[in-house]
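# Report on the structure
If you want the building blocks of each chain, they are given just below.
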Amino acid sequence: MRILITNDDSVKATQLLPLIKYCMRFGDVTTVVPKVEQSGKSHGIQLLHAFRAEKRMLEDVEVWAVDSTPADCVRFAVMGLKQDFDLVVSGVNRGCNMGLDV
């Protein structure tokens, strides 16, 4: 199974690495997350400017850090990395998920 992990709390989120390691038990994991916190921007995409994506290591796990929104992270994973996924895991969120309430 091919699994994509993303979030809105950034590559620095403390809960990211445990989530990746857990999901690795079930298949091949690709992680593409924002470079910096993007809470409240999860449906937004960058239309006017290019964004950068760079490989980083979280301990012994390779992740992609994208200088844009969570939606752009998923766009990069599918269109930029040219990969298909069976499952997308988004989170774990460190706070309440209030996007639809705003």
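Before going into details, it helps to say that this report is about the structure given with it. Positions within a chain are numbered from 1, following the residues in the order the chain's sequence is written. Under the rules for a predicted model, residues below a pLDDT of 70 receive no local features and side-chain atom pairs below 80 are neither given nor counted, while totals for whole chains, interfaces and linings still include all residues. Each side-chain value is worked out from all heavy atoms of the structure, with water and hydrogens disregarded.

## Observations concerning the overall build of the protein chain
Numbering of helices and strands starts at the N terminus; helices are DSSP runs of H or I of at least 4 residues and strands are runs of E of at least 2. The helix and strand inventory of the protein chain stands at two helices and five strands. Mapped from its N terminus to its C terminus, the protein chain presents α and β elements in the order β-α-β-β-β-α-β. The burial tally for the protein chain puts 38% of its 102 residues in the buried class. Only heavy atoms enter the contact rule, under which two residues are in contact if any of them lie within 4.5 Å. When contacts within the protein chain are restricted to residue pairs at least 6 apart in sequence, long-range pairs at least 24 apart make up 73% of them. Areas reported here follow the Shrake-Rupley algorithm with a probe of radius 1.4 Å; residue values treat only the protein chains shown as occluding. Carbon and sulfur atoms form 55% of the exposed surface of the protein chain, whose accessible area is close to 6,500 Å². Only protein chains enter the area calculation, which uses a 1.4 Å probe; residues under 20% of their type maximum are buried, those over 50% are exposed, and those in between are partly exposed.

## What about the environment of Asp 8?
Inspection of the secondary structure puts Asp 8 in the loop between β1 (2-6) and α1 (16-23). Distance in space between the C-alpha atoms of Asp 8 and Pro 34 is 6.5 Å, their sequence separation being 26 residues.

## Some thoughts on the nonpolar core
By size, the foremost hydrophobic cluster in this structure holds 15 residues, and its most contacted members are Ile 5, Leu 16, Ile 20 and Leu 58. Broken down by secondary-structure element, the contributors of at least two residues to this core are β1, α1 and β4 (61-66). With five residues, α1 is the largest single contributor of residues to this core. If we ignore the near neighbours within four places in the chain, the residues touching Leu 16 are Ile 5, Asn 7, Ser 10, Val 11, Thr 31, Val 33 and Leu 58. The criterion is simple. A nonpolar core is a set of buried Ala, Val, Leu, Ile, Met, Phe, Trp, Tyr and Cys residues joined through side-chain atoms within 4.5 Å.

## With respect to α1
What α1 keeps buried is the set Leu 16, Leu 17, Leu 19, Ile 20 and Cys 23. Around the axis of α1, the buried residues are gathered within 160 degrees of arc, so they sit on the same side. Residues of α1 that are buried in the fold lie against β1, β2 (28-34), β3 (53-58), β4 and β5 (87-90). The directions from the helix axis to the C-beta atoms form the arc being described.

## Describing the pattern of salt bridges
Salt bridge, as used here: a side-chain nitrogen of Lys or Arg that lies within 4 Å of a carboxyl oxygen of Asp or Glu. Inspection of the entire model under this criterion finds five salt bridges. With a closest N to O distance of 4.0 Å, Glu 62 and Lys 55 form a salt bridge. According to the relative accessible area criterion, Lys 55 is exposed, its value standing at 52%. Through salt bridges with shared partners, one network takes in Lys 21, Glu 59 and Asp 60.

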